[in-house]
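Take a look at the letters that make up each chain.
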2 protein chains.
Amino acid sequence: MAKVKKQPRPKAETPKGFVDYFGADVVERKAMLDKIAKVYDLYGFEALETSAVETVQALGKFLPDVDRPNEGVFAWQEDNDSDKPGDWLALRYDLTAPLARVFAQHRNDLPTPYRRYAMGPVWRNEKPGPGRFRQFYQCDADTVGTASVAADAEICSMLADTLEAVGIERGDYIVRVNNRKVLNGVMEVAGVLDPSDPVRFADERGIVLRAIDKLDRLGPDGVRALLGEGRKDASGDFTKGAGLSAEQAEIVMGFMGAKGADGAATVARLNDLVTGSALGEEGVNELETISELMAAQGYGPDRIEIDPSVVRGLGYYTGPVFEAELTFEILDEKGRPRQFGSVAGGGRYDDLVKRFTGQAVPATGVSIGVDRLLAALRAKGQTQAAAPGPVVVTVMDRDRMADYQAMVADLRNAGIRAEVYLGNPKNFGNQLKYADKRNSPVAVIEGGEEKERGVVQIKDLILGAKIAQSATHEEWKSQPAQVEVARADLVAEVRRILARDI
Amino acid sequence: MAKVKKQPRPKAETPKGFVDYFGADVVERKAMLDKIAKVYDLYGFEALETSAVETVQALGKFLPDVDRPNEGVFAWQEDNDSDKPGDWLALRYDLTAPLARVFAQHRNDLPTPYRRYAMGPVWRNEKPGPGRFRQFYQCDADTVGTASVAADAEICSMLADTLEAVGIERGDYIVRVNNRKVLNGVMEVAGVLDPSDPVRFADERGIVLRAIDKLDRLGPDGVRALLGEGRKDASGDFTKGAGLSAEQAEIVMGFMGAKGADGAATVARLNDLVTGSALGEEGVNELETISELMAAQGYGPDRIEIDPSVVRGLGYYTGPVFEAELTFEILDEKGRPRQFGSVAGGGRYDDLVKRFTGQAVPATGVSIGVDRLLAALRAKGQTQAAAPGPVVVTVMDRDRMADYQAMVADLRNAGIRAEVYLGNPKNFGNQLKYADKRNSPVAVIEGGEEKERGVVQIKDLILGAKIAQSATHEEWKSQPAQVEVARADLVAEVRRILARDI
């Protein structure tokens, strides 16, 4: 007999940073995404599903972490038959880069403006950490091909509607809106950055943006340090700052704190800050228009407000930026109350399609952090209660499998989730343990003696669990946890129990 | 001013073999998968969503094309901080290999038997061709941890229910069942292959299996050639055969043609063929049991039948194998009628989990070819008619955007899909062209004069299209394609038109 070479056993593990989702986790996320899709559809957005794989050159390098511009994606080189090296391919890292590619590719066939939504996994080649996964869901809606701020306003009202549709109550969230043009205008007026050197300008503006974006985490003093020379963190690591003077930094800080008692007050303050900058005035006008459009549709400051401290980390935004924040408190891992925080963000990006075509194509959109929003719904008890498991028809006599299969066929034909126990039937206790693990509401039992008499035993597992838990059985006395009924009444009796208990 | 280095423009293209899915394509597939999930759920199966990325060693090499065992997957090596080389990761090529990994990893927490379903994309690094994509959907259901053929029978009846649930009528499909043990038994009895040399046995058995699997495409003579010395195809390429003698090949051919007038007749013939082989007799007994279980649940030979010509290409099946075939005719690309063919297949595979744990874990399951089934539904006109586009509120006066936004807010609050035209409003014809491209049922118009009078114009685009198409306008005379109503009646009038036309 020939010797078969033994392979070492593979490890049964996901790669680091990847996870599996089981049962209710999958169903809950799907239910949430279905609700979101319904709102997007109502607003006239069309579904788009691009492939997970793109060429590296089409994806471009737009990940927020500009310190590592070459990292962040999973990429590999195509094999190629010819002498030419194969293309580099990569998994998409978001849903915006593929949209820009799609619009550039199909722009002659697509309606303009093109409103589309997309839902699906994206991949980041990052160091995995607690709660930081390398595959996660995003859920985006974007409008491509219009410069109208009415498109930005629409995204904001749709975001508010979406949050309410999935179960976040009004008052528990706020959509905050700002405008990059206003910030750029403020910096122009204050002579903070020199726009005549575009490379240096982009670089320093990026440092300023990322500094502002850290206000929540670092507080005003931390942001001030990053706007100036730089900041040493608790571990001793030094982050280079934007190099602004103390006076210039104060102007930026003043901008971030310009939020007034209401939208009109905020707009008035911002108008003061940007006087003399055409770009800045344009930005303030846009914010004012967004405010008016929101008001016309009945979205007051309890849902959508102008807040100059919102900047969003991404470098490619060119106009309005927005963020949805959940304002209710949850307990963090140390039991301290904290606000839940941001679950969605987006803004206007007018240059992503231009990369491909050379022509500017204005666009705006939003991305919902699916896992964070789902976590928020769980924290609020807003996900559906786990559906009950299947009715389990137990096997008393393995030669009569056909009888048991006929029972589940009857139950399923009546729309009742049901299955025959398919493990080794020898130990009846194991069958009931299995039903318990499946969260089954009912177990059906038919031994030889029952079969002869034309009856089945129906065990109410939910009631049984209640009786087992309660100290006195008084309240359950009148309801026996197991009943015998004619085989012909199986479906009716199971239906009666499900209606009572679930 | 510093010079900015110009990058060449990236190409706006998917990588070869990848495609984008737009609008109705996405929605139709989702609707079909939702119906399938409902059936799977009714049978007690739980959802599972594994990550797209697995380690190469966990995936293993089970692609059907054994001629290229190292190819077929998209793989890359992890970066690693240490001196050790990083793990090789790959995109999953099916949903079965990840299930085996999951069960091995979580077997102590999962119920046994573990019934799970999974839906999602898989990736194959193959040469793309017409209709052959490198990313496509699969939709699987498997039961892990039971050797009972009742589990196989359940998969078959569930498959029949699933096809009917998505819209394939009874009579338009057949689930065909066979058993690998019977084929192995036939070969044992006939002395075709020598089981004492397992490597050569596996190799030659593989050639026999793949030869049989090509019966549809090559006909009996082609299969005979592949069972013998080999076969030269039309292009002159030679495929090595299994090296059976003509007499031995006839025994295999006889097995494939053993299907009788009914299940009992087929079982009787197979029993004759395997007499003397314990394995073969076991296989025939299993087929008989499956037949009985099917009959007990009312699944007759109009839905599920035993057919010895079914083998399935995959090498890892160990017992029952099944296939769902659509039996209605469609026209091929040359206009010739042909049967639609296979849309799903599966079988029992008892060794996939053992790779990880060393312990045999019996399992069985089915995989539906999502794109093929969807194509079949389209061919039968069984997909939902494309949903109408949104009501388009046109923009006559761009300073009154708030008025138009208020109209769509009213429509959406009434559950009517609606949007404001957000492109450049200057050319009104472009707005109507846009509505046409979106398949909009209704356009709403409110110019300054209408605004003053408190009315809006409502254009019925569906009726308008009908009038434009009809030679005489007689039948539409009484129904004007445009009506004027009070602004307050906007929602009611749109609803009336939608109810009439859609």
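Along every chain, residues carry numbers that run from 1 in the direction the sequence is written. Here every chain gets a letter starting at A, and every ligand a number starting at 1, in the order they are written. A pLDDT threshold of at least 70 governs which residues receive local features in this predicted model, and a stricter bar of 80 or more applies before side-chain atom pairs are shown or counted, although totals over entire chains, interfaces and linings include all residues. Side-chain measures here rest on the full set of heavy atoms in the structure, leaving out hydrogens and waters.

Draft legend 1. Broad picture of the overall build of chain A. For chain A, the helix and strand inventory stands at 17 helices and 19 strands. It is over C-alpha atoms that the radius of gyration is taken, and the globule rule equals 2.2 Å times the number of residues to the power 0.38. Relative to the globule expectation of 23 Å for 502 residues, the C-alpha radius of gyration of chain A, 30 Å, shows a markedly less compact shape. Its C-alpha atoms give chain A principal-axis dimensions of roughly 95 × 70 × 55 Å. Summary of the burial criterion: residues with accessible area below 20% of their type's maximum are buried, those above 50% are exposed, and those between are partly exposed, where the area comes from a 1.4 Å probe applied to protein chains only. Per-residue burial over chain A gives 53% buried out of 502 residues. A helix here means a DSSP run of H or I that spans at least four residues, while a strand means a run of E at least two residues long, and both kinds are numbered starting from the N terminus.

Draft legend 2. Representation of the relation of the copies chain B and chain A in the model. Copy-to-copy alignment: least squares on C-alpha atoms, limited to residues at pLDDT 70 or above in both. Superposing chain B onto chain A takes a rotation of 180 degrees combined with a translation of 0.0 Å along the rotation axis, leaving an RMSD of 0.1 Å. Taken together, the turn and the small shift mark the pair as related by a two-fold rotation axis. In terms of C-alpha distance to the rotation axis, chain B has B:W76 as its closest residue, with the C-alpha 2.9 Å off the axis. Both copies present the same face, since 100% of the interface residues in chain B are matched by interface residues at the equivalent positions in chain A. Note on definitions: a residue-residue contact is assigned when non-hydrogen atoms from the two residues lie within 4.5 Å.

Draft legend 3. Region of interest: the domain arrangement of chain A. If you check the domain split of chain A, you get domain 1 (23-202 + 249-379) and domain 2 (391-501). Once you take the C-alpha centre of each, domain 1 of chain A and domain 2 of chain A turn out to be 51 Å apart. Segmentation of the chain into domains, including their bounds, is taken from an automatic or database domain assignment.

Draft legend 4. Just the pattern of salt bridges, in detail. Only one rule defines a salt bridge in this text: a Lys or Arg side-chain nitrogen within 4 Å of an Asp or Glu carboxyl oxygen. Counted under the stated rule, the structure contains 76 salt bridges over all chains. A salt bridge links A:K30 to B:D34, with the nearest nitrogen and oxygen atoms 3.0 Å apart. Here the residue A:K30 occupies a position in helix α1 (residues 23-42), and B:D34 occupies one in helix α1 (residues 23-42), the pair thus bridging two chains. Classification of B:D34 as partly exposed rests on a relative accessible area of 26%. With a shortest N-O distance of 3.3 Å, A:R348 and A:D350 are connected by a salt bridge. Relative accessible area serves as the criterion here: at 3%, A:R348 is assigned to the buried category. A:D350 gets classed as partly exposed once you look at its relative accessible area, which sits at 22%. Connected through shared salt-bridge partners, A:D41, A:E46, A:R115, A:E154, B:R412, B:R417, B:E419 and B:R438 make up one network.

Draft legend 5. The arrangement of the side chain of B:D140 in detail. All names here are of chain B. Among the secondary structure elements, D140 is positioned in strand β7 (residues 135-144). No salt bridge is formed by the buried D140. Its closest oppositely charged neighbour is R116, at 4.5 Å. Leave out the neighbours within four places in its chain, and D140 touches Y40, L95, T96, R116, Y117, A118, V366, S367 and I368. Only four residue types enter the charge count: Lys and Arg as positive, Asp and Glu as negative, with His and the chain ends excluded.

Draft legend 6. Geometry of the packing of aromatic side chains. Think of it this way: a Phe, Tyr or Trp ring, Trp meaning its six-membered ring, pairs with another when their centres are within 6.5 Å, and the plane angle makes it stacked under 30 degrees, edge-to-face over 60, tilted otherwise. Using the criterion set out here, one finds 15 aromatic pairs over all chains in the structure. Ring centres of A:F74 and B:W76 lie 5.6 Å apart, and the angle between their planes is 40 degrees; on these two criteria the pair is classed as tilted. One end of the pair, A:F74, is in the loop between α2 (56-59) and β4 (75-77); the other, B:W76, is in strand β4 (residues 75-77), on a second chain. Exposure remark for A:F74: the relative accessible area of 0% places this residue in the buried category. Centre to centre, the rings of A:Y421 and A:Y434 are 5.3 Å apart; their planes meet at 70 degrees, and the pair counts as edge-to-face.

Draft legend 7. Region of interest: the sheet that holds strand β6 (residues 114-123) of chain B. Pairs of strands are assigned from DSSP output, requiring at least two bridges between the strands. Reading across the sheet, the nine strands line up as β1(A)-β2(B)-β6(B)-β7(B)-β14(B)-β13(B)-β12(B)-β8(B)-β11(B) and stay open at both edges, with mixed pairing between neighbours. Taken across any chain shown, the strands that pair with only one partner, and hence form the sheet edges, are β1 (21-22) of chain A together with β11 (304-306) of chain B. Of the pairings in the sheet, the one linking strand β12 (residues 320-331) of chain B to strand β13 (residues 337-348) of chain B comprises nine bridges and is antiparallel in character. Each bridged residue has a counterpart across the sheet, and for B:V321 the counterpart in β13(B) is B:G347. Every axis in this analysis is a line fitted to C-alpha atoms, fitted for helices over the stretch in contact. Angles between the N-to-C directions lie between 0 and 180 degrees. Running over the sheet, α1(B) touches β6, β7 and β14 (363-369) of chain B and is turned about 5 degrees from β7(B). Its contacts with the sheet place helix α3 (residues 96-106) of chain B against β1 of chain A together with β2 (46-49), β6 and β7 of chain B, and it is angled at close to 40 degrees to β7(B).

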